[in-house]
Amino acid sequence: MQYSVTAVVVSYNRAGLLDECLSALNAQTRRPDSLVIVDNASTDGALQVARDFAGRTPIPAYILELRENTGGAGGFCAGIAYAVANGSAEPGIAEYVWLMDDDTVPTPTALEQLLAAADECVAVNDCLPTALGSKAVWVDGREHLMNKPRPRAVLAKGEREMAGGAYQVRSLSFVSCMLNMGAIRGRRRLPISAFFLWNDDFEYTTALLRKGVGYYVPASEVVHKTKKFGSSDADPGQRFYNEVRNKIWMLRFCRSDFSFGGLLSFLAKTARRWLLTVMRAGDRPLILQCLRDGWRDGWHTEPESNAEIFARACPPLVPDIERISL
């Protein structure tokens, strides 16, 4: 199978890490065919790092300079919209976007292994994968459990497992996640920028994988350079507000992402996660306040549309967003 891969890197105020991430893309045994760097109105020199890299890399690179920080959710929405709008859609070429934050450093064979898994999916399942995700490890080599997905309980189609420990999943993190552009065009969906951070990747990949095939591919490895090691239910501090509000928004506006059984599972897992977060909180009053505020805003507000957000943050991108989205 012939592939065209556009890497999308979302950057905000981590110039040093961005340089590592971009250098790692240059060092891939199979380089991406193009690159989109989304700068979320950085103030620390990260934009200059992106410009310098774009000027010297052999990878065709484009920089989206946003006027305001739209969070990881907005950054990925922008990058995906630009990549899909500028894709070739040529017959016989499978187009993918390869997503990552600026604190993600792919090992040299990360993309090569994702594409090998795509080939195996075609051979085993007679279909292209909708999504593939890499194994993320921390700086000391331990697997980053916050990025490790659970195996899919009920398969829509395809084999449960493939070679090398790859297994089917229901959702993926955007920490080295490869998404099929054809599936994006078919679903006419982009990430919800108003989420800002947390659950944007969960919501989006859940939507794409409702009827699609996605695999976690441990043979493809990246280093996720977070400040500290932790699982997905580690104490989130003030960000717990986004967790609560965004999950309620999902319940209100994204029910089509789930089957009835999937929705019940989503509710049960969310309740368990919130309970564990409160119980393990270092600052319980703060967590409880975030829970109250997120609950209130989740039920009494609606997410601003992607078009409205980017009318401020990047007006030239709005037509692309509107063409792709429902």
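The rules behind these values
Residues numbered from 1 in each chain as written. Predicted model: local features only at pLDDT ≥ 70, side-chain atom pairs only at ≥ 80, totals over all residues. Heavy atoms only, no water. Salt bridge = Lys/Arg side-chain N within 4 Å of Asp/Glu carboxyl O. Helix = DSSP H or I, 4+ residues; strand = E, 2+ residues; numbered from the N terminus. Buried < 20%, exposed > 50% of the residue type's maximum accessible area, 1.4 Å probe, protein only. Axes fitted to C-alpha atoms, helices over the stretch in contact; angles between N-to-C directions. Parallel < 35°, antiparallel > 145°, perpendicular 65-115°, else oblique. Left-handed = near helix turned anticlockwise from the far one by under 90°. Contact = heavy atoms within 4.5 Å. Nonpolar A, V, L, I, M, F, W, Y, C, P; charged D, E, K, R; others polar. Pairing = 2+ DSSP bridges. Expected span 1.5 Å × (residues − 1). Lys, Arg positive; Asp, Glu negative; His and termini not counted. Core = buried A, V, L, I, M, F, W, Y, C linked by side-chain atoms within 4.5 Å. Patch = residues over 30% accessible without salt bridge, like charges linked within 9 Å, V, L, I, M, F, W, Y side chains within 5 Å. Areas by Shrake-Rupley, 256 points an atom, 1.4 Å probe, with all protein chains shown as cover.

*Asks:* Would you take a moment to explain the pattern of salt bridges for this structure?
*Replies:* Overall, the coordinates contain 17 salt bridges when judged by the stated rule. Note that Asp 293 and Arg 296 form a salt bridge whose closest N and O atoms lie 3.3 Å from each other. Taken together, the positions of Asp 293 and Arg 296, both in helix 9 (residues 284-300) and three residues apart, correspond to about one turn of that helix. In this structure Arg 296 comes out as partly exposed when scored by relative accessible area, which is 42%. Through salt bridges with shared partners, a single network forms among Arg 14, Asp 102 and Asp 103.

*Asks:* What's the story with the packing of helix 7 (residues 240-253) against helix 9 in this structure? I'm lost.
*Replies:* Close contact between helix 7 and helix 9 brings their axes to 7 Å; oriented N to C, the two are set at 30°. Viewed along their axes, helix 7 and helix 9 adopt a mutual orientation that is roughly parallel. By crossing handedness, the relation of helix 7 to helix 9 is classed as right-handed. Mapping the contact onto sequence places Phe 240, Tyr 241, Val 244, Arg 245, Ile 248, Trp 249, Leu 251 and Arg 252 in helix 7 and Ile 287, Cys 290, Leu 291, Asp 293, Gly 294, Trp 295, Asp 297, Gly 298, Trp 299 and His 300 in helix 9. Of the residues belonging to the contact of helix 7 with helix 9, the class tally is 11 nonpolar, three polar and four charged.

*Asks:* Would you explain the pairing of strand 9 (residues 214-224) in this entry?
*Replies:* The side chains of a regular strand alternate, first on one face of the sheet and then on the other. In terms of residue burial, strand 9 counts as a mostly covered element, since eight of its 11 residues are buried. Two elements, strand 7 (residues 167-168) and strand 9, share two bridges in a ladder whose sense is antiparallel. Following the sheet pairing, Tyr 167 is matched in strand 9 by Tyr 216.

*Asks:* What is the right way to read unusual backbone geometry from this model?
*Replies:* Glycine aside, negative phi is the norm for most residues, and most peptide bonds take the trans geometry. Of note in the backbone geometry, Arg 188 takes a positive phi value of approximately 50° without being a glycine. Considering the arrangement of structural elements, one finds Arg 188 in the loop between helix 5 (181-187) and helix 6 (200-208). The exposure class assigned to Arg 188 is partly exposed, which follows from its relative accessible area of 35%.

*Asks:* Whenever I open this one, helix 3 (residues 71-85) confuses me. Can you help?
*Replies:* The α-helix advances 3.6 residues per turn, and as a result positions three or four apart in sequence lie on the same side. Between its first and last C-alpha, helix 3 extends 21 Å over 15 residues, near the 21 Å set by a 1.5 Å rise per residue. Counting buried residues along helix 3, 13 of its 15 residues qualify, which places the element largely inside the surrounding structure.

*Asks:* What is the right way to look at the environment of Trp 98 in this model?
*Replies:* Turning to its location among the elements, Trp 98 is positioned in strand 4 (residues 93-101). Accessibility expressed as a relative area gives 0% for Trp 98, which makes it buried. Sequence separation between Trp 98 and Val 5 is 93 residues; the distance between their C-alpha atoms is 6.7 Å.

*Asks:* I keep staring at helix 8 (residues 260-280) and nothing clicks. Help me out?
*Replies:* The first and last C-alpha atoms of helix 8 sit 30 Å apart over 21 residues, in line with the 30 Å expected at 1.5 Å per residue. Regarding helix 8, the residues found buried are Leu 263, Phe 266, Thr 270, Trp 274, Leu 276, Thr 277 and Val 278. Next to the buried residues of helix 8 lie helix 6, helix 7 and helix 9.

*Asks:* Help me out: how do you make sense of the side chain of Asp 200 in this one?
*Replies:* Along the polypeptide, Asp 200 turns up in helix 6. For the buried Asp 200, no salt bridge is present, and the opposite-charge side chain at shortest range is Arg 245, 9.3 Å distant. Those residues within four positions of Asp 200 in sequence are excluded, and the remaining contacts are Gly 72, Ala 73, Phe 76, Phe 174 and Phe 195.

*Asks:* Help me understand the nonpolar core in this model?
*Replies:* One recurring pattern in soluble globular proteins is that nonpolar side chains are buried together. Ranked by internal contacts, the top residues of the largest apolar core, which has 49 residues, are Val 38, Leu 64, Leu 99, Leu 179, Ile 184, Phe 310 and Leu 317. No other element matches helix 3, which puts nine residues into this core. Aside from chain neighbours lying at most four places away, what touches Leu 64 is Val 36, Ile 37, Val 38, Asp 39, Ala 78, Gly 79, Tyr 82, Cys 314 and Leu 317. Formed by 40 residues, the second largest nonpolar core is a distinct cluster that contains Tyr 3, Ala 110, Cys 127 and Met 162.

*Asks:* What am I meant to see in a nonpolar patch on the surface here?
*Replies:* A surface patch of nonpolar side chains, amounting to about 320 Å² of accessible area, comprises Phe 260, Leu 264 and Leu 267. Here Leu 264 lies in helix 8. The class of Leu 264 is partly exposed, set by a relative accessible area of 47%.

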